[in-house]
Every structure is written in structure tokens, then in C-alpha cells.
Amino acid sequence: MHTFNDYSPAEKLRQELAEPLFNPLLKKWVGKGELDYEVYLKTQQLLSLQASEEERVSHDELMFQVVHQAQELWLKLGSREAVEVVAELDRDALWAASARLERLVRILRSLEAELGVMETMTPDTYQVIRRSLGNGSGQESPGYNMLRKASEGLEAALERLLARRSRTLLEVYSGGGPDDLKRLCEQLVDVDEAFQGWLYRHFQLVRRTIGVDRSVKALDGLPTQVLAGRMTLPLFRQLWDVRVELTAGWRREGGHSPGARRDGCMEGAMSAAAYAAPARTGGGCPVAHAGFTPTRGES
């Protein structure tokens, strides 16, 4: 015998969403898997990849699965875009590579934003879902591992590009370095920063749900505390190391005292002489980059 609750508005709507829906504009039934949109995107298979209503241990398990499945798809796309960047760098198509790196950055930022949806899940709810996850962890993610592998290919492609140009990273970032290479390197840093931002958001998610402590073990058996070091592990270490090298060669001399006049600064900064030698120009503004002396690879 059915009770009133069986036919509540929410239950009625739930049952309607489980069936094909009639689109009055198209005058067609949507959801049978027969329309071109559904066939091309394989929506019937896609929408059946999550646990059914009867199987879920919590309503939030649907969100948990959808977000993680979406993350795997974005990571797959990101790794394939990285492969194309490798091909473009190897044929010196830097404009195309630059545009594709911008796409990769946006993909990684989408990954980070999606984790914000997961933060709406309270710790007690996750503790229920967690019982049914076995020993699964992010380290087992195919997408995560593919992206790290693809990043190794990106780093190698950058090294080949620098070798063809007979440039070191220090020379690229020194005053007067080639702008096209510098722009490309900065976009790779954008990629790396977005990747680390995603890992940091994941760290915060773990912190919100199960806590970060030496005594708290992830499902793979490792203390959640190790995530703090993992999230700052860069994809392109040499692009970060060159910053340290630049700073090591920096000198305070050649600047302005706070409040001093700076007449003609931009003219000096934009001139070719600004990059020629670390010296002052006849009593005017200090030459741009005068405070930096390359420690190696000087040209």
C-alpha cells in the first residue's frame, strides 16, 4: 500500500526525471538515446555510470562520483592538449603552442573550481561514503598520472627548443632575453601554478572532510600530512629554480632611494642601452636591470 510520502512532489519529480522527457519545441522525446545529440555524446552510457538511486549509501554519493568522473575527463583532455603542445614546440609553432597552453591553464582552473562543489559535503556525510571506497586514493587516478607523464614530455620539449635556440633559461630571463621564449616559459609557469592550485584545493578538501594530521590515514594508508609536501611539487622545476638563480645574481645597487626623483626612467628602460651594460647613464635614471648580473650563460 502506497503512503502519501510515496507521491510527494519530490518523489513525483524524481520519477519523472528517471524517464524520457518530451521537448515541446522539438516535438521529440529526449532521453531514449535515439537523437543525434544523445548518440554522439553517448548520453545513455554516460548518465548510467553513477550508482543508481537504490544503490547509493548517501544522496551526496552522486555528487562525489560525478565530480570525480568529470575530473578524470578534464585530466584526459589536459594530457592530450599537452601532447599537442609538445608537437607544436618541436616544429617551432610557438603561437599555436601559446594558445594551447592558455587552454590547458583554463582546464586546470576548471578542475580546481569543481572541487569547490565537493566542499559542500559535510564531514559526517563523507565518513559514510568513505566506507565504500576501498583503498582508493588520488594517486590511483589515471588522469593525474597521465597529466604528470605528459608534463615530462612538455619539459623535454622546452629543453629541445632552448637547445635549438642556443639559449639557457637564465639567458631567457635576463634583460634583453628573447620575448617569445620568455612568454612561453611564463605560460608553462601558469600551467604549473594552476596545477599546484588544484592540488592545494584538494588538500583543503581533505582537511575539511577527514582532517590533516600525522594520525589521520588516507585510504591508501599514508598520513594525510604528506599531502602538504605533495601539493607544492612542481611540474617544471627548472622554471622555478631559475627564479632562485636570478635572485642570487641580483644586486641592490643601481636603484632609487624612496622618494627620490625618477626623471626619464621609462625612456631608459625602453632603450636598447638599458640592456647593454649594468651601469648608470650620465646622471639620469639608473639603467633598467642594472641590479642584475647573470652568474652564467652571459651573452
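Colleague: How do you make sense of the layout of surface pockets when you look at a structure like this?
Modeller: Empty pockets left among the atoms are what a rolling probe the size of a water molecule brings to light. A volume near 1100 Å³ is recorded for the largest pocket. Residue lining of the largest pocket: 40 residues in total, with His68, Gly136, Ser137, Gly138 and His202 positioned closest to the centre. Looking at the lining of the largest pocket, the elements with two or more residues in it are helix H4 (60–90), helix H5 (94–118), helix H6 (123–130), helix H7 (142–164), helix H9 (179–209) and helix H10 (227–230). No other element matches H4, which puts 8 residues into the lining of the largest pocket. Grouping the constituent residues of the lining of the largest pocket by class yields 21 nonpolar, 13 polar and 6 charged.

Colleague: Help me understand the packing of H4 against H5, please; the structure alone is not making it clear to me.
Modeller: Relative placement of two packed helices is described by the angle separating their axes and the distance separating the axes. Look at H4 against H5: their axes get within 9 Å of each other, and the N-to-C directions meet at 165 degrees. For the element pair H4 / H5, the angle class is roughly antiparallel. The two elements H4 and H5 meet at a crossing, and its hand is left-handed.

Colleague: Where do I start with the pattern of salt bridges in this structure?
Modeller: Pairing between side chains of opposite charge can happen when their charged atoms approach one another. Here the structure, examined in full by the defined rule, presents 16 salt bridges. Across the pair Arg14 and Glu53 runs a salt bridge whose closest N-O atoms are separated by 3.5 Å. Taken together, the residues span a long stretch of sequence, with Arg14 in helix H1 (residues 9–17) and Glu53 in the loop between helix H3 (43–47) and H4 at a distance of 39 residues. Exposure remark for Glu53: the relative accessible area of 40% places this residue in the partly exposed category. Arg100 serves as the salt-bridge partner of Glu88, at 2.9 Å between the closest nitrogen and oxygen. Pair noted here: Glu88 is in helix H4 and Arg100 is in helix H5, with a separation of 12 residues, a long-range link. Counted as one network, the salt bridges with shared partners bring together Glu11, Arg14, Glu53 and Arg56.

Colleague: Whenever I open this one, H4 confuses me. Can you help?
Modeller: Residues spaced three or four apart along an α-helix point in a common direction, a consequence of the helix completing one turn every 3.6 residues. Look at H4: 45 Å from first C-alpha to last across 31 residues, which is about the 45 Å you get at 1.5 Å a residue. The first or second residue beyond H4 is Asp92, which carries a positive phi of 60 degrees.

Colleague: How do you make sense of the environment of Val172 when you look at a structure like this?
Modeller: Locating Val172 in the fold gives a position in helix H8 (residues 169–173). Overall, Val172 belongs to the buried group, its relative accessible area being 0%. Once the C-alpha coordinates of Val172 and Arg183 are considered, the two residues, 11 residues apart in sequence, prove to be 9.6 Å apart.

Colleague: Looking at this structure, how should I read the packing of aromatic side chains?
Modeller: For any pair of aromatic rings, the description rests on two quantities: the centre-to-centre distance and the angle between the ring planes. Scanning the model with the defined rule gives 6 aromatic pairs in all. Ring geometry for Tyr144 and Phe195: centres 6.3 Å apart, planes at 20 degrees, overall stacked. Taken together, the residues span a long stretch of sequence, with Tyr144 in helix H7 and Phe195 in helix H9 at a distance of 51 residues. Residues Tyr144 and Phe195 agree in their burial class; the two are buried. Within the aromatic cluster, the residues linked to one another by ring pairs are Tyr144, Phe195 and Trp198.

Parameters and conventions
- Residues numbered from 1 in each chain as written.
- Predicted model: local features only at pLDDT ≥ 70, side-chain atom pairs only at ≥ 80, totals over all residues.
- Heavy atoms only, no water.
- 1 Å grid on protein atoms, 1.4 Å probe; cavity = no way out; pocket = protein on both sides within 12 Å on 5 of 7 lines; lining within 4 Å.
- Points joined across faces, edges and corners; volume = space filled by probe spheres on them.
- Helix = DSSP H or I, 4+ residues; strand = E, 2+ residues; numbered from the N terminus.
- Nonpolar A, V, L, I, M, F, W, Y, C, P; charged D, E, K, R; others polar.
- Axes fitted to C-alpha atoms, helices over the stretch in contact; angles between N-to-C directions.
- Parallel < 35°, antiparallel > 145°, perpendicular 65-115°, else oblique.
- Left-handed = near helix turned anticlockwise from the far one by under 90°.
- Salt bridge = Lys/Arg side-chain N within 4 Å of Asp/Glu carboxyl O.
- Buried < 20%, exposed > 50% of the residue type's maximum accessible area, 1.4 Å probe, protein only.
- Expected span 1.5 Å × (residues − 1).
- Phe/Tyr/Trp six-rings, centres within 6.5 Å; stacked < 30°, edge-to-face > 60°.

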